[in-house]
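Given next are the chains, with one letter for each unit.
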Amino acid sequence: MKIFVSGLYAGGNPQPGVGIVRSLRQGYPDATIVGVEYSNGVSGIHFDELDDLWIQRPWGELDLESYGQRVREVLDAGGLWISGSDLEAMWLASVFPDGHANLLAPPMAGIKRITKPVVEAASGLPVRIPTYLSTEHSDWDLHAFCRAQDWRVWLKGPYYDASRTPTWDAFTAVRNALSKVWSTEKLFLQAHVSGYEESVMLSAYQGELLGAVSMRKRDVTAEGKTWAGDVSDVPPEFLEPLRRMVRDTNWTGGGELEMVRDASDQLWLIEMNPRFPAWVHGATIAGHNLPALLVQAATGVRAQPVPAQSAEFTRVVLEVPVRADYPLPPLPEPFAGAVGHSMKHPSGLTALAARLHKIDPDMLDVALAPEGSPAPNAVSALPETYVADIGAQDFGAMQTPQYIYMESTAEALFASAAERARRLSTDDVEVISGYSIKTNPDKRLIKLALDNGFYAEAISLGEVQTALEVGFRPDQVILNGPGKWWPEGLMPRETMHAVFCDSVADLDRVVAAVEAGEMSARHIGIRIRTPNITSRFGIPLDSPTTFAKLIEAVKRLPTDSKFGVHFHMASSHVGVAQWWHLFESMLRWCRSIERLSGRTIEMLDMGGGWYPDDWHADETSKIAHAAELVRAMLPAVRQIASEPGKAMAQPSMALAMRVLEIQEHEDDMIEAVVDASIAEIPMHFWQPHRMVRQCGETGALQPIGRGKTYLMGRLCMEHDIIASNVQLPEGTRAGDLLIFCDAGGYDRSMSYVFGRG
């Protein structure tokens, strides 16, 4: 009996080959086991239980047609083949679409039914699929998905690799890397599920389930890979539908369903692999030798029984002698960053992925759109007001780079916000809006806020003076932030609307200033920081000592001022659902503060960092619910201030720039140099920007989708790349105008003068 086993990589994220060999050796001590690999850099080829090696050229160099014929000859001659690699199993399925009696790997029809993330074959199992979104959607939609999932998301490739992407810059960096490594743009985002990780491993031959075991991860590596686990029988409610799934897919070979069990005992299927998992010998230790069962079914030769040694297993690291015929590769030339995929896939699996795409573009397809949803569109839709505002510009006379004031867009946003505030106000509780000056101190926006009944939210006396210059009265100003006394000498003598303190020390200073007649405010209050949130702002509530000091400080507040609480957290950063969770937590803390201090809260200021779509599209549902909640939990509140922040400013400006030069490189990659830079759009990596090109001939606006072009800024700085993976419309040339929308928030207020001559 000769058994060929591949997938021998044995690093920190190992393939199953070595574990399969160990298990087969116990079941068939006299079998000839041949290790198959595609590089002598794979450490598992030195494992001493291998009788022979069949080392091929790397996947990128192999003649796949002749190699397929050689594999066929091996199988026809009676050899058995167990694949330990997803991509090799897929390639074998393309060579043997209906299988081969001695090929112990699934047929193509079965592989296509376990495509991530849907895993259609598992529809009868008691599992659910975490929410996901194809990266074929526009960046605007992908950003919205991440916010909706509180940035607890994974970006996954079609075959290997998954990475947590807690921020937009992390997402774009990982997307670029995975797309390049795996030669596909078809990745997907999937919501994180909290819980215990567990797997079911199966062995099947020609549609008959031979065995299955369940394993819970008890220890994992930094990459989340199994290091130790406990093995148990698969429960009947899972086993029977699993048996049907194997029958329906005519499955042959190993397989693994990776899952997470959440706190409510619900199983979430993360993915299914067309091979045994790397912990396969852990099951053999527990008395379940599934590779031997597979060989037994294919040959009819009974495997030696393997007694269970333990229901739990762990890994250890072993050093083994290197085979003399396959010495270690020569030392690489020293250079920075020599780690990563070259270490993980020394046999060139990434090159195989590129070749499989050419063999069958649909073979490795992933990221199916949810049923009933529209087809993905990588181009972000442009609101009508954007089109109108851009169309009103005289770009012919415009010196670029230039910010564009989106007048009708801004007016519509402020008017809508004012109307919502009026609609939510009652005779007992007034709802107001505050314009955050720091988000964009452009006086046109501040004036628009004044005209629409906003209050001015300032974080310094300089901002207070700017608000007064535009026309705000002192009693329309809300002052907060840790630097509210800067610069000295500008504190208004008139009564301001509200002052919120960022610390107990700040509160003591404000009280002293009020008693000395140096300042006055209708409302004096505190900014609070709810527990378990990383923030440098506000008074932390999770320290009993600090909380006690806070209560005593509140008791010292002037009795002729009303007490207020300010809660501010960037919802675009922590996620929409997380923001509302914190909001309700904040209300409960407010009730405690009221009871312990004896002061009732009469003003509640809640902000900010709202992404425009989240705040404006919400209409009245959540904001109205929040107002009702405040009324119910804090009945003394008479005013609720909402600070929309960048929800107002971000859409209100765009940045116009011109193409200076277009450089074409290999593999359709293009670098276009523009006259803007990170100095004008410093937040480019924190959020997507909807982009358009103005056609030089017709003047029409053409949306910019996703492609292989990088927009390089004018600065002589390595990181001055203001957009990557974009697709400029055909015919774009030097001198053409590009417009970055959604640049009116911190892009504008944090822009700087570097490189402007």
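Everything discussed here concerns the structure shown above.
Predicted model only: the values in this text are computed from it and were never measured. (Residues numbered from 1 in each chain as written. Predicted model: local features only at pLDDT ≥ 70, side-chain atom pairs only at ≥ 80, totals over all residues. Heavy atoms only, no water.)

Peer 1: Would you mind showing me how to read unusual backbone geometry here?
Peer 2: With an omega of -5°, the peptide bond running from Lys116 to Pro117 counts as cis. Locating Pro117 in the fold gives a position in the loop between helix H4 (108-112) and strand E5 (132-134). A cis amide bond, omega 0°, links Thr400 with the succeeding residue Pro401. Topologically, Pro401 is positioned in the loop between helix H12 (384-391) and strand E15 (402-405). Unlike most non-glycine residues, Asn250 shows phi in positive territory, near 50°. Its relative accessible area of 40% is what places Asn250 among the partly exposed residues. (Helix = DSSP H or I, 4+ residues; strand = E, 2+ residues; numbered from the N terminus. Buried < 20%, exposed > 50% of the residue type's maximum accessible area, 1.4 Å probe, protein only.)

Peer 1: Looking at this structure, I do not really get the sheet that holds strand E3 (residues 52-55). What am I missing?
Peer 2: Across a sheet, strands are paired by hydrogen bonds formed along the backbone, either parallel or antiparallel in direction. The strand order across the open sheet built from four strands is E3-E2-E1-E4, with neighbouring strands paired in parallel fashion. Two strands bound the open sheet, and with one partner strand each, they are E3 and strand E4 (80-82). On average, adjacent strands in this sheet sit at an angle of 25° to one another, irrespective of strand direction. Strands strand E1 (2-6), strand E2 (32-37), E3 and E4 of the sheet are contacted by helix H2 (residues 64-76), whose axis makes an angle of about 125° with E4. Along the sheet, helix H9 (residues 290-299) contacts E1 and E4; its crossing angle with E4, the most-contacted strand, is approximately 150°. (Pairing = 2+ DSSP bridges. Axes fitted to C-alpha atoms, helices over the stretch in contact; angles between N-to-C directions. Contact = heavy atoms within 4.5 Å.)

Peer 1: How should the sheet that holds strand E9 (residues 196-205) be read in this particular structure?
Peer 2: One open sheet accounts for six strands, arranged E13-E12-E9-E10-E11-E14; its pairing is antiparallel. At either end of the open sheet lies a strand with only one pairing partner, and these are strand E13 (267-273) and strand E14 (312-314). In this sheet, neighbouring strand axes are inclined to one another by 25° on average, regardless of whether the strands run parallel or antiparallel. Contacts between helix H7 (residues 236-249) and the sheet are confined to E9, strand E10 (208-220), strand E12 (253-261) and E13, with E10 contributing the most and set at about 125° to the helix.

Peer 1: Can you help me understand the environment of Arg638 in this one?
Peer 2: Looking at the secondary structure, you find Arg638 in the loop between helix H21 (621-633) and strand E24 (639-643). When the C-alpha atoms of Arg638 and Ala89 are compared, they prove to be 67 Å apart, with 549 residues separating the residues in sequence. Apart from residues no more than four positions distant in its own chain, Arg638 is found in contact with Asp428, Val429, Glu430 and Glu602.

Peer 1: Before we go on, may I ask you to explain the pairing of E10 in this structure?
Peer 2: Along a regular strand, successive side chains alternate from one face of the sheet to the other. Note: E9 against E10, eight bridges, orientation antiparallel. Directly across from Ala204, in E10, lies its bridge partner Leu209. Counted between consecutive antiparallel strands, the loop separating E9 from E10 contains two residues, among which Gln206 sits at a positive phi close to 50°. The sheet contact formed by E10 and strand E11 (residues 226-233) spans seven bridges and is antiparallel. Bridge pairing links Lys217 to Gly229 in E11. Here E10 hands over to E11 after five residues, with Gly224 in that stretch at a positive phi of 85°.

Peer 1: Would you explain the packing of helix H1 (residues 17-27) against H9 in this entry?
Peer 2: Each pair of packed helices can be summarised by the angle the axes make with each other and by the distance between the axes. Running from N to C, H1 and H9 point in directions that differ by 60°, and their axes come no closer than 8 Å. Accordingly, the angle class assigned to the pair H1 and H9 is oblique. Note that H1 runs across H9; the crossing there is right-handed. For the pair H1 and H9, the contacting residues are Ile20, Ser23, Leu24 and Gly27 in the first and Pro291, Ala292 and Val295 in the second. (Parallel < 35°, antiparallel > 145°, perpendicular 65-115°, else oblique. Left-handed = near helix turned anticlockwise from the far one by under 90°.)

Peer 1: Please clarify how the packing of aromatic side chains should be interpreted in this entry.
Peer 2: For the structure shown, the criterion picks out 22 aromatic pairs. Plain terms: the ring middles of Phe414 and Tyr435 are 5.7 Å apart, the flat faces sit at 50° to each other, and that makes the pair tilted. Here Phe414 is found in helix H13 (residues 407-424), whereas its partner Tyr435 is found in strand E16 (residues 430-436), with 21 residues between them in sequence. Assessed through its relative accessible area of 0%, Phe414 is described here as buried. Residue classification places Tyr435 among the buried residues on the basis of a relative accessible area of 2%. Put simply, the rings of Phe4, Tyr38, Trp54, Trp59, Tyr67, Trp81 and Trp91 pair up and form one aromatic cluster. Here the basic side chain of Arg444 rests over the ring of Tyr405, its NZ or CZ set 4.4 Å away from the ring centre. (Phe/Tyr/Trp six-rings, centres within 6.5 Å; stacked < 30°, edge-to-face > 60°. Lys NZ or Arg CZ within 6 Å of the ring centre and 35° of its normal.)

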